[in-house]
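# Tertiary structure, described
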Amino acid sequence: MTDYQQRKYDIVIFGATGFTGALTAEYLVEVFDKSINWGLAGRSLAKLEKVRDRLADLDPSMKKLDLLIADSHQPETLDQVVSQTRVIISTVGPFAKYGTPLVESCIRQKTHYVDITGEYLWVKDIIDRFHEKARQEKVMIVPCCGFDSVPSDLGTFILANHIQDKHGLNLASVKASVMKLVGGASGGTIQSCLEMASQDTSNLMDPYILATRRGVDKAPITIFRKDYDFDGKWQAPFIMSAVNEKVVRRSWSIWADRGKPYGNLFTYKETQSFSFLPGLVYACLFYTVLPLTFLLVRTPMIGEKIKNLLPGSGYGPRDETRKLGGYEFQFVGTAEIEPYDEPVRARATIKGSRDPGYGDTCRMVVEAALSIIKSRNEIPGRDGGVLTPSTAFGQVLVDRLKADNKVVIEVEDM
């Protein structure tokens, strides 16, 4: 293990030859911060060279970018790479298959870690196995730093801060809705979803599976309904709420452990907005096709056939499709008040004009890593542990994401 301050690289992108990994590298080139020393890591030198050639088309200086060979199944190669860098960005999924050895290596080498997973059952596993050790070593292990679950986590975080700072009140509840969602899916994301579906899902309905304490939220059930807080749109289940809601509740519990609670009665619910007919069709499919798919994937012979038929890692939406992407989250927060007091409510908005999964996910995970490199003494998670985006980076990440005005993050009273 090398001394942290003497390490050669600030950031290494692990899994750079994958679809999202290569796009993450492109975003780091776009940032154009020449003070950052970084490299690419993966299993295949030939594939890494192809990615570097793509980057050199954007910036000729990338021809000299270092390439590092490491394999999740060979811990010694991981240690060799991880020991040379301050922060690892991991884009290798399914994380349940490939992620754990890298997390272990990061703790051994005292290297901070961020990733883009939405596999909350795997996140639960690394919390149980590594949180205390990561705290002892003051290593930040921060999963879910992409579209899963940065908007949900930061939207709730800024609402809680707004209501506490402006009104001196705690946050009683937040309801969030995805008002706009335009984007594609990659093979890696599809395979990660299938991998999670094939695992033991007995804890699927536990709203506090990732949290350090329990609150008052119940198991998630979304009734198809109209909500005038969200332009009178009909609310249906949001497919990513399964992970986002659990990450937000972990943040609630960690902030409470730190003596900065959102509120003792805090609840969080996330939906997606539709006009009536499309929403009704979507909700019906969500409650029929999705459970059936989970059942089939867990059937050994059928599950393997489904995985082989669907796209694998390396596949993703084309550049033209990604350019058409975008999203908008709205969050409505209600404060804890005394009976008969006037209600106190606020609305937060987070929106971007890139494909959420393969544009702004890359932005989010890179800016999370840069929050450590640039502002390590200012971020709230510097004491380490398996954290969430808001509990690791807090306002530092909010400010970094909106610095160039390409992501809108705002909050105001209603």
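Figured I'd write up the structure that's included with this text. Not measured: the values here are computed from a predicted model. (Residues numbered from 1 in each chain as written. Predicted model: local features only at pLDDT ≥ 70, side-chain atom pairs only at ≥ 80, totals over all residues. Heavy atoms only, no water.)

What follows concerns the pattern of salt bridges. Two side chains of opposite charge can pair, provided their charged atoms sit close to one another. Evaluation of the coordinates by the stated rule reveals 27 salt bridges. Residues Glu-30 and Arg-354 are paired through a salt bridge, measuring 2.4 Å at the closest nitrogen-oxygen approach. In this pair, Glu-30 sits in helix H1 (residues 19–31) while Arg-354 sits in the loop between strand S12 (345–352) and helix H14 (356–375), placing the two residues 324 residues apart along the sequence. Glu-30 gets classed as partly exposed once you look at its relative accessible area, which sits at 39%. The partner of Glu-367 in a salt bridge is Arg-400, with the nearest N and O atoms 2.7 Å apart. With Glu-367 in helix H14 and Arg-400 in helix H15 (residues 389–401), this pair connects stretches of sequence that are 33 residues apart. Looking at Arg-400, the relative accessible area reads 24%, which means it is partly exposed. Taken together, the shared-partner salt bridges connect Lys-175, Arg-225, Asp-227, Asp-229 and Arg-345 into one network. (Salt bridge = Lys/Arg side-chain N within 4 Å of Asp/Glu carboxyl O. Helix = DSSP H or I, 4+ residues; strand = E, 2+ residues; numbered from the N terminus. Buried < 20%, exposed > 50% of the residue type's maximum accessible area, 1.4 Å probe, protein only.)

Next up on the list: the nonpolar core. Within the largest apolar cluster, 110 residues are counted, with the highest numbers of intra-cluster contacts made by Ile-11, Trp-38, Leu-40, Val-114, Ile-141 and Phe-393. Broken down by element, the residue count for this core peaks at nine residues, all from H14. Here this core spans two domains, since at least three of its residues come from each of domain 1 (9–145 + 361–394) and domain 2 (149–355 + 404–413). (Core = buried A, V, L, I, M, F, W, Y, C linked by side-chain atoms within 4.5 Å. Domains from an automatic or database assignment.)

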